[in-house]
Amino acid sequence: MSADDKIIIASDVVIHPDDLEENFIRSSGPGGQNVNKVATAVQLRFDAANAPGLPERVRERTIKFAGQKATKEGVIVIEAGRYRTQEQNRADARARLVALVAKAAEPPPPPRKKTRPTKGSVERRLKSKAGRSTVKKLRGRVDGD
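Here the structure is a predicted model, which is why all the values come from computation and not from measurement.

## Some remarks on the overall build of the protein
Item 1. Within the protein, the regular secondary structure consists of three helices and five strands.
Item 2. The order of α-helices and β-strands along the protein, N terminus first, is β-β-β-β-α-β-α-α.
Item 3. Against the compact-globule benchmark of 15 Å for 145 residues, the protein has a radius of gyration of 29 Å, which places it well outside the compact range.
Item 4. For the C-alpha atoms alone, the extent of the protein along its principal axes is close to 95 × 40 × 25 Å.
Item 5. In the protein, the share of contacts with a sequence separation of at least 24, taken over all contacts with a separation of at least 6, comes to 58%.
Item 6. In the structure as shown, the protein presents an accessible area of about 10,700 Å², 51% of it carried by carbon and sulfur atoms.
Item 7. With 30 positive and 18 negative side-chain charges, the protein shows a spacing of 15 Å between the two charge centroids.

As structure tokens, this is what we get:
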């Protein structure tokens, strides 16, 4: 994926490359002595609060789902250092951002449909309650007449 490509998540949800900022930092993962010399980990910053490609509902949900990864200003920071190469870490960070925004872009679930218990199930419940009540009453003290 080149840096000029728009990331299309849904018909109305698009991440523009101008909204992304990548900084390469030293990784803490595998790599031997090379890990101390080469900046392979990526820190991807996405300004969700000011992104023109996100509708308001998706913007709010994205920041909410980001949790600790979002700053007070609404910038989402994703750090990826799983792999040994910059390109793999870059793709991983972008994939994680796309997954986050795609989850936020999902439509809300339909409202719950209220149901009532059937007449038979209500009668069975009341009958079993009466049975338990009788059993417990019989556990009482026995009169010695």
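## A short note on helix H2 (residues 86-105)
Because the α-helix completes a turn every 3.6 residues, residues three or four places apart line up on one side.
Item 1. Taking 1.5 Å per residue as the helical rise, H2 with its 20 residues ought to reach 28 Å, and the 28 Å between its terminal C-alpha atoms agrees with that figure.
Item 2. For H2, the set of buried residues is Asn89, Arg90, Asp92, Ala93, Arg94, Leu97, Leu100, Val101, Ala104 and Ala105.

## What about the sheet that holds strand E3 (residues 20-25)?
Item 1. In space, the three strands of this open sheet follow the order E3-E4-E5, with antiparallel pairing throughout. A single partner strand is all that each edge strand has here, and the edge strands are E3 and strand E5 (75-80). When strand polarity is set aside, the average angle formed by the axes of neighbouring strands in this sheet is 20°.
Item 2. Judged from the six bridges that link them, E3 and strand E4 (residues 41-47) form a sheet pairing that is antiparallel. Bridge pairing links leucine 20 to phenylalanine 46 in E4.

## Structural notes on the packing of helix H1 (residues 56-66) against H2
Item 1. Between H1 and H2, whose axes approach to 8 Å, the crossing angle comes to 125°. Accordingly, the angle class assigned to the pair H1 and H2 is oblique. Judged by the twist between their axes, the crossing of H1 over H2 is right-handed. When H1 is examined against H2, the residues Arg57, Val58, Arg61, Thr62, Phe65 and Ala66 are found in contact with a partner set consisting of Leu100, Val101, Lys103, Ala104 and Ala105.
Item 2. For the contact of H1 with H2, the residue count by class is seven nonpolar, one polar and three charged.

## Details of the nonpolar core
Item 1. Phe46, Leu54, Ile76, Leu97 and Val101 are the most contacted members of the largest nonpolar core, which has 22 residues in total.
Item 2. Residue assignment for this core shows that the elements contributing at least two residues are strand E2 (13-15), E4, H1, E5 and H2.
Item 3. Among the elements that make up this core, the one with the highest residue count is H2 (six residues).
Item 4. With residues near it in sequence (within four places) discarded, isoleucine 76 still touches Leu44, Arg45, Phe46, Ala48, Thr62, Ala66, Lys69, Ala70 and Leu100.

## Focus on the environment of arginine 45
Item 1. Considering the arrangement of structural elements, one finds arginine 45 in strand E4.
Item 2. Once the C-alpha coordinates of arginine 45 and glutamate 22 are considered, the two residues, 23 residues apart in sequence, prove to be 6.3 Å apart.
Item 3. Excluding residues within four positions of it along the chain, arginine 45 makes contact with Asp19, Leu20, Glu21, Asn23, Val75, Ile76 and Val77.

Procedures and definitions
Residues numbered from 1 in each chain as written. Predicted model: local features only at pLDDT ≥ 70, side-chain atom pairs only at ≥ 80, totals over all residues. Heavy atoms only, no water. Helix = DSSP H or I, 4+ residues; strand = E, 2+ residues; numbered from the N terminus. Rg over C-alpha atoms; globule rule 2.2 N^0.38 Å. Contact = heavy atoms within 4.5 Å. Areas by Shrake-Rupley, 256 points an atom, 1.4 Å probe, with all protein chains shown as cover. Lys, Arg positive; Asp, Glu negative; His and termini not counted. Charge placed at Lys NZ, Arg CZ, Asp CG, Glu CD. Expected span 1.5 Å × (residues − 1). Buried < 20%, exposed > 50% of the residue type's maximum accessible area, 1.4 Å probe, protein only. Pairing = 2+ DSSP bridges. Axes fitted to C-alpha atoms, helices over the stretch in contact; angles between N-to-C directions. Parallel < 35°, antiparallel > 145°, perpendicular 65-115°, else oblique. Left-handed = near helix turned anticlockwise from the far one by under 90°. Nonpolar A, V, L, I, M, F, W, Y, C, P; charged D, E, K, R; others polar. Core = buried A, V, L, I, M, F, W, Y, C linked by side-chain atoms within 4.5 Å.

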